[in-house]
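Each chain, letter by letter, is given below.
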Amino acid sequence: MKMKRLRNLLPALLLLVSLTARADEGMWLLQLMQEQHAIDLMKKQGLQLNALDLYNPDGISIKDAVGIFGGGCTGEIISPDGLILTNHHCGYSFIQQHSSVENDYLTDGFWALNREMELPTPQLKFTFVERIEDITDLVNARIAAGEITEAESFTASFLKKTAQELHAASDLNQTKGIVPQALPFYAGNKFYLIYKKVYSDVRMVAAPPSSIGKFGGETDNWMWPRHTGDFSMFRIYTAPDGEPADYAPENIPLKAKKHLSISLRGIEEGDYAMIMGFPGSTSRYLTVSEVVERMEATNAPRIVIRGARQEVLKAEMNASDKIRIQYANKYAGSSNYWKNSIGMNKAIIDNDVLGTKAAQEANFLEFATQNKDTDYMEVVGKIDGAVARTSPLLYQRTCLVEALFSAIEFRSPYTLFDEMKEALEAADTEKQQEVAEKFRAAYDRIHNKDYDHEVDRKVAVAMLPLYAELIAAENRPEIYHRIEAEYNGEYDRFIAEMYTGSVFATRENLEAFLQDPSVAAIDSDPGTAFSRSVAGKVQQLGTELTPLYEELNLLHKTYIRGLGEMKLPVPSYPDANFTIRATYGTIRSYSPRDGVKYHYYTTAKGILEKEDPEDREFIVPAELKTLIENQDFGRYALPTGELPVCFLSDNDITGGNSGSPVLNGNGELIGCAFDGNWESLSGDINFDSDLQRCINVDIRYILFILDKLGGCGHLLDEMTIVE
């Protein structure tokens, strides 16, 4: 009966008979733009293109110029030869990968003045969406036939197997670089199969110095007004036949199916603005109890723990250029969502998100009661009951992962010790030699070029007692009981022994152990005990949470289906899940509080106003300062003679959209999205069109830096620029 009702309601979920949706809210699925009439709303707002210009399942469209950069950002193709534009912070780890004290590209920037200078970047990939298929009926048929349960339809194992089976039977089976991915949408009320094409030879082309690409640093992060040139450029290379291939000297630049034209015509308040990209994750359909859980079980402990770790890292980075380069990307990644968590908790209160969610629940109950739908009438209460059980476990897991699993990098691969122990007990010398080589490889992975053992020890000194303050003794990993019993609760003494005496603490310790391995040495190793204990606790909490999340998945499926029905005829969009989406709106100022009005763009004048030579975050490169003082802006200047730097739009974006193209009504590139604003950091949970803004770097500032500072006129020559 439930499956029959689901089939009957799915068309209603997507039906639109009235164009009443707010034009600036929604991360819309490209494959549903026409069905949901989103394209009509876009045209009403100012889009001059047709639906097939944005997404054409049988031809080439703007979709083919936008892809996933690395593992968590968006990038766009801006030349026929596969030139990628993305954010500086998206390319940051790869810029850091190429940096050293001798070649400090983080500080000095990098400009490839010809293609021979473009740097191969191992592990960096760029991914296009090749095809999208609706597989909802297939999944529902398997549920109806009893092949899987509804709960199993959400599992990674089922989705991966389904994707592989469908790929094997498709015409893309022999196409190089294709990776299939099946995912639930609308909380499992819809399923899509996405065929991705992955390119693995991506080379670094251009990156401004961090004093431009990260200007304002942690202070300005999530803030407006902004003056950050947050961009970097890379290029896709292919095998000579044009197909994806790993790096090889004979590879050639990608002959792009589609590249974006660039507009230098400028922008005005109220102009149409569209963003296409890969938003990572939103939670727009949470209940009140789930929002409180996010605040208290995830954000609050993350704020405390990351703040403590960052204090240690900042002190070490300020004292050493070597440490600064090693830990630059780690610090940036940590601080980004540390500050986001602070801002989100503040915005939830300031913007009365709990009140909005409570009103939504009241409206939904009224809707369910009028329709005499028992499932809908009961679902919020059931979600609240499940959350009461998940919250304490989630709090424990957040503290554990943040403090002991992520913050502390040094760990002992205890499974390798188990292998060695088995070989020793079996007196299998050949196996011992085989495992010994694994030990050496593991040591190299731990003590990599971006790791400093002493810095990590200082982090551990901060983390172990902090975790104990946050978690009751009975809920801590077993290693804490050992520290109490054997070290009299002295964390520093245990840490000193772990960081000096463990097999993996030094190369000398490792080789001494491998020369004469013993079961006794394995059993007494403090690093192994620590790693095994922490991993065991993570696994235990995961085991306890899994059935609760399975229950919540099914409850959310019911709740979100019901919310979709309640909204009709206005269409619903699914939560972000790092799949390609379009969002549209306008160039727009905002007023965050009484008496304050923020203009929609900034200029280079603000760079000099913020300059502080004593603060690493606000250093202005001498050459850039001279250009600004002389107003040497060339064709990139405004009619007033000023140089635009950043601008605001009211597009609905989130993490993952970093690097996304901002397009005008003609589909031309006007900017690159890189941030949200402080006042709306509750936007992942509740969109507020009055406050939520996307912060973008103006394409004119990007080209100015490339041209005037980087001397990269050859890159501009390969772009299609409209003036």
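Residues numbered from 1 in each chain as written. Predicted model: local features only at pLDDT ≥ 70, side-chain atom pairs only at ≥ 80, totals over all residues. Heavy atoms only, no water.

A.B. asks: How should I be thinking about the state of the cysteines in this particular structure?
C.D. replies: The term disulfide refers to a covalent linkage connecting the sulfur atoms of a pair of cysteines. All chains considered together, the criterion is met by one disulfide. At a sulfur-sulfur separation of 2.2 Å, the disulfide partner of Cys73 is Cys90. Its S-S torsion of about -85° marks the bond between Cys73 and Cys90 as left-handed, since a negative value means left-handed. Taken together, the residues Cys73 in strand 3 (residues 73-77) and Cys90 in helix 4 (residues 88-98) connect sequence positions 17 residues apart. (Disulfide = S-S within 2.5 Å. Helix = DSSP H or I, 4+ residues; strand = E, 2+ residues; numbered from the N terminus.)

A.B. asks: Help me out: how do you make sense of the pattern of salt bridges in this one?
C.D. replies: Any two side chains of opposite charge can pair, so long as their charged atoms come close to each other. Applying the stated criterion across every chain yields a total of 50 salt bridges. Of the charged contacts in the structure, one is a salt bridge between Asp64 and Lys63, with a shortest N-O distance of 2.9 Å. What makes Asp64 buried here is its relative accessible area of 6%. Residue Lys63 is classed as buried on the basis of its relative accessible area, which comes to 4%. Asp134 is paired through a salt bridge with Lys190; the nearest N and O atoms lie 2.6 Å apart. (Salt bridge = Lys/Arg side-chain N within 4 Å of Asp/Glu carboxyl O. Buried < 20%, exposed > 50% of the residue type's maximum accessible area, 1.4 Å probe, protein only.)

A.B. asks: Whenever I open this one, the nonpolar core confuses me. Can you help?
C.D. replies: Considering soluble globular proteins, one finds that nonpolar side chains tend to be buried as a cluster. Within the largest apolar cluster, 97 residues are counted, with the highest numbers of intra-cluster contacts made by Met42, Leu54, Met233, Tyr701, Leu706 and Met719. Among the elements that make up this core, the one with the highest residue count is helix 24 (residues 699-709) (eight residues). Within the second largest apolar cluster, 57 residues are counted, among which are Leu424, Tyr467, Phe494 and Leu545. (Core = buried A, V, L, I, M, F, W, Y, C linked by side-chain atoms within 4.5 Å.)

A.B. asks: Looking at this structure, I do not really get the side chain of Thr74. What am I missing?
C.D. replies: If you trace the backbone, Thr74 turns up in strand 3. You can call Thr74 buried: its relative accessible area is 0%. A polar atom in the side chain of Thr74 sits 3.0 Å from the backbone nitrogen of Phe278. A polar atom in the side chain of Thr74 sits 3.4 Å from the side chain of Ser660. (Polar contact = N/O pair within 3.5 Å; in protein donor to acceptor, adjacent residues only side chain to side chain.)

A.B. asks: Looking at this structure, how should I read the packing of aromatic side chains?
C.D. replies: To describe a pair of aromatic rings, you give the distance between the ring centres and the angle between the ring planes. In total, this model carries 28 aromatic pairs according to the counting rule given. Relative to Tyr376, the ring of Phe364 has its centre 5.6 Å away and its plane inclined at 45°; by these criteria the two rings are tilted. Linking Phe364 in helix 12 (residues 353-370) with Tyr376 in helix 13 (residues 374-406), this pair joins segments that are 12 residues apart in sequence. Just as Phe364 is buried, Tyr376 falls in that class too. (Phe/Tyr/Trp six-rings, centres within 6.5 Å; stacked < 30°, edge-to-face > 60°.)

A.B. asks: Before we go on, may I ask you to explain the confidence of the model for the protein chain in this structure?
C.D. replies: Low pLDDT marks stretches whose predicted atomic positions should not be read closely. Mean pLDDT over the protein chain works out to 94, with 97% of the residues at or above the 70 mark. This model gives residues 1-23 a pLDDT under 50, and the stretch forms 52 contacts once residues within four places in sequence are excluded. (pLDDT = per-residue confidence, 0-100. Contact = heavy atoms within 4.5 Å.)

A.B. asks: Sorry, what's going on with the pairing of strand 19 (residues 644-649) here?
C.D. replies: Side chains on a regular strand alternate between the two faces of the sheet. Among the six residues in strand 19, six count as buried, and that is most of the element. Where strand 18 (residues 601-603) and strand 19 come together, two bridges link them in antiparallel fashion. Bridge pairing links Tyr601 to Phe647 in strand 19. As defined by bridge partners, strand 19 adjoins strand 22 (residues 694-698) across four bridges and the pair is classed as antiparallel. Its bridge partner lying in strand 22, Leu648 is registered against Ile695. (Pairing = 2+ DSSP bridges.)

A.B. asks: Which parts of the structure should I look at to understand helix 14 (residues 414-425)?
C.D. replies: Because each turn of an α-helix spans 3.6 residues, side chains separated by three or four positions in sequence point in the same direction. The end-to-end C-alpha separation of helix 14 is 16 Å, in line with the 16 Å expected for 12 residues at 1.5 Å each. Residues of helix 14 that are buried: Leu416, Phe417, Met420, Ala423 and Leu424. All buried residues of helix 14 fall inside an arc of 120° around its axis, so they share one side. Among the exposed residues of helix 14, those oriented more than 90 degrees off its buried face are Glu422 and Glu425. In this structure, the buried residues of helix 14 make contact with helix 15 (429-446), helix 19 (507-515), helix 20 (519-524) and helix 21 (526-567). (Expected span 1.5 Å × (residues − 1). Arc of directions from axis to C-beta.)

A.B. asks: Sorry if this is basic, but what is going on with the environment of Glu490 here?
C.D. replies: Note that Glu490 resides in the loop between helix 17 (478-487) and helix 18 (491-501). Its relative accessible area of 38% is what places Glu490 among the partly exposed residues. In sequence terms Glu490 and Pro465 are 25 residues apart; their C-alpha atoms lie 9.3 Å from each other.

A.B. asks: How do you make sense of the packing of helix 13 against helix 21 when you look at a structure like this?
C.D. replies: A pair of packed helices can be characterised by two numbers: the angle between their axes and the separation between those axes. Relative orientation of the contacting elements helix 13 and helix 21 amounts to 155°, with a least axis distance of 8 Å. By the angle between their directions, the pair helix 13 and helix 21 is classed as roughly antiparallel. As helix 13 packs across helix 21, the resulting crossing turns out to be left-handed. In terms of residue class, the contact of helix 13 with helix 21 is made up of 21 nonpolar, five polar and nine charged. (Axes fitted to C-alpha atoms, helices over the stretch in contact; angles between N-to-C directions. Parallel < 35°, antiparallel > 145°, perpendicular 65-115°, else oblique. Left-handed = near helix turned anticlockwise from the far one by under 90°. Nonpolar A, V, L, I, M, F, W, Y, C, P; charged D, E, K, R; others polar.)

A.B. asks: Explanation requested: helix 11 (residues 321-350) in the structure shown.
C.D. replies: Along its 30 residues, helix 11 runs 40 Å from first to last C-alpha, staying within 8% of the 44 Å computed at 1.5 Å per residue. The sharpest bend along helix 11 reaches about 55° and sits at Tyr327. One side-chain oxygen at the N-terminal end of helix 11 lies 3.2 Å from the backbone nitrogen of Lys322; it belongs to Ser320. In the stretch just after helix 11, Asp352 is the one whose phi turns positive, near 50°. (Bend = angle between axes of the 7 residues up to and from the residue.)

A.B. asks: Is there a simple way to think about the pairing of strand 11 (residues 232-238) in this case?
C.D. replies: Counting buried residues along strand 11, seven of its seven residues qualify, which places the element largely inside the surrounding structure. Note: strand 10 (residues 201-207) against strand 11, five bridges, orientation antiparallel. Among the inter-strand pairings, Ala206 is bridged to a residue of strand 11, identified as Met233. Strand direction decides the pairing type here: strand 11 and strand 12 (residues 252-253), joined by two bridges, are antiparallel. Directly across from Tyr237, in strand 12, lies its bridge partner Pro253.

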